[in-house]
Amino acid sequence: MTNMSEEITPEMPRSRRQKWLKLLEKVDQFLSFLLEVTMAKVPIRWLHMLPTVGLLTSVVVTIAVATEPSQSGPMVIPFATDGVQRAAITLDSYSYAPSHVIVEAGKPVELTLTSVTTLIPHNFIIKDPAGGLSVEQDVGAGKTVTITFTPTQRGTFPIYCDKRLWPLPSHRDKGMEGTLEVR
Ligand SMILES: [Cu+2]
């Protein structure tokens with residue numbers, strides 16, 4: 001068992017740092033779970049099951065992360081016959097896939113956002129008032145939502161998830177970000 005009082009430092013060997021990051025991820029997932037359960041007003045008698053359920057979930061999530069396929073390159077979103085640029089994006093902890101999408105300016109974009117997480121809520125934000133973009137969509141664990149917007153300005157805009165459980169870093173800080181490229 002690793003010494004719990006040990007601090008994460010840049011000098012630490014990479015494998016050990018990764019181990020600590022994984023542990024932090026699990027804590028984050030467990031805290032998210034507690035939060036969700038509290039919000040869902042689950043009967044008090046179920047609360048004693050939390051540690052077991054949380055532990056099992058951490059194991060499942062860890063396996064899922066380990067088997068995750070590597071990221072692909074930028075994706076040009078194709079036009080459907082109705083003139084809409086339509087694509088599906090998968091949200092996971094902590095990534096978007098595809099993470100870099102390319103669209104044409106002045107034409108509608110429709111994105112189907114699907115979360116494949118079991119517990120953690122995420123969101124999908126593209127905020128750039130100057131670029132005519134104001135997208136902010138929550139995507140609950142395991143949920144699918146469709147958003148539509150029409151980018152007016154060309155440019156490269158960040159996509160990110162700003163969910164965060166204090167005192168842990170935000171999901172964006174953990175790598176949950178992407179790029180919308182408008183051509
Ligand atoms: Cu997130």
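Criteria and thresholds
- Residues numbered from 1 in each chain as written.
- Predicted model: local features only at pLDDT ≥ 70, side-chain atom pairs only at ≥ 80, totals over all residues.
- Heavy atoms only, no water.
- Donors = N, O, S within 2.8 Å, 3.2 Å for Na, K, Ca; no water.
- Helix = DSSP H or I, 4+ residues; strand = E, 2+ residues; numbered from the N terminus.
- Buried < 20%, exposed > 50% of the residue type's maximum accessible area, 1.4 Å probe, protein only.
- Pairing = 2+ DSSP bridges.
- Axes fitted to C-alpha atoms, helices over the stretch in contact; angles between N-to-C directions.
- Core = buried A, V, L, I, M, F, W, Y, C linked by side-chain atoms within 4.5 Å.
- Contact = heavy atoms within 4.5 Å.
- Phe/Tyr/Trp six-rings, centres within 6.5 Å; stacked < 30°, edge-to-face > 60°.
- Patch = residues over 30% accessible without salt bridge, like charges linked within 9 Å, V, L, I, M, F, W, Y side chains within 5 Å.
- Areas by Shrake-Rupley, 256 points an atom, 1.4 Å probe, with all protein chains shown as cover.
- Salt bridge = Lys/Arg side-chain N within 4 Å of Asp/Glu carboxyl O.

Trainee: Please explain the coordination of the copper ion as it appears in this structure.
Mentor: Coordination angles at a metal have ideal targets, namely 109.5 degrees for four tetrahedral donors and 90 or 180 degrees for six octahedral donors. Every protein donor of the copper ion is listed here as His 122 (ND1), Cys 161 (SG) and His 171 (ND1), and their distances to the metal cover 1.9 to 2.1 Å. Positions of the donor residues of the copper ion, expressed as sequence spacing, correspond to H-x38-C-x9-H. Separated by ten residues along the polypeptide, Cys 161 in the loop between strand E9 (155-160) and strand E10 (177-182) and His 171 in the loop between E9 and E10 bring together distant segments of the chain. You'll find Cys 161 and His 171 in the same group, each marked buried.

Trainee: So what exactly am I meant to see when it comes to the sheet that holds strand E3 (residues 95-97) here?
Mentor: Across a sheet, paired strands are connected by hydrogen bonds in the backbone, their directions being either parallel or antiparallel. Spatial ordering of the open sheet is given by E3-E2-E5-E8, a layout of four strands whose pairing is mixed. Where the open sheet ends on each side, the last strands, each with one partner, are E3 and strand E8 (144-149). Direction aside, neighbouring strands of the sheet carry axes that sit 25 degrees apart on average. Judged from the three bridges that link them, strand E2 (residues 85-92) and E3 form a sheet pairing that is antiparallel. Paired with Thr 90 across the two strands is Ala 97, which belongs to E3.

Trainee: Looking at this structure, I do not really get the nonpolar core. What am I missing?
Mentor: Across soluble globular proteins, you tend to see nonpolar side chains buried next to one another. Counting 26 residues, the largest nonpolar core has Leu 111, Phe 124, Ile 126, Phe 149 and Leu 180 as its most contacted members. Of all the secondary structure elements, the ones that give two or more residues to this core are E2, strand E4 (100-103), strand E5 (109-115), strand E6 (122-128), strand E7 (133-139), E8, E9 and E10. Ignoring any residue separated from it by four or fewer positions in sequence, one finds Phe 149 in contact with Lys 107, Pro 108, Val 109, Leu 111, Ile 126, Leu 133, Val 135 and Leu 180.

Trainee: Could you clarify how one ought to interpret unusual backbone geometry in this entry?
Mentor: Phi is mostly negative for residues that are not glycine, and the peptide bonds are mostly trans. Cis geometry marks the peptide bond from Ala 97 to Pro 98, where omega comes out at -5 degrees. In this chain, Trp 166 is followed by Pro 167 through a cis amide linkage whose omega measures 5 degrees. The residue Pro 167 is located in the loop between E9 and E10 in this model.

Trainee: What exactly am I supposed to notice about the packing of aromatic side chains here?
Mentor: To describe a pair of aromatic rings, you give the distance between the ring centres and the angle between the ring planes. A full pass over the atoms with the stated rule returns one aromatic pair. With a centroid separation of 5.5 Å and 85 degrees between ring planes, the pair formed by Tyr 96 and Phe 124 is classed as edge-to-face. With Tyr 96 in strand E3 and Phe 124 in strand E6, the pair connects residues that are 28 residues apart, well separated along the chain. Taking relative accessible area as the criterion, Phe 124 reaches 0% and is therefore assigned buried.

Trainee: Looking at this model, I keep getting lost on a nonpolar patch on the surface. Mind explaining?
Mentor: Residues Leu 23, Val 27 and Leu 31 make up a contiguous nonpolar surface patch of roughly 200 Å² in combined accessible area. Residue placement: Val 27 occurs in helix H1 (residues 14-39). Given a relative accessible area of 38%, Val 27 falls into the partly exposed group.

Trainee: Looking at this model, I keep getting lost on the side chain of His 171. Mind explaining?
Mentor: Residue classification places His 171 among the buried positions, given a relative accessible area of 3%. Beyond its immediate stretch of four places on either side in the chain, His 171 contacts Asp 28, Tyr 94, Ile 120, Pro 121, His 122, Cys 161, Lys 163 and Met 176.

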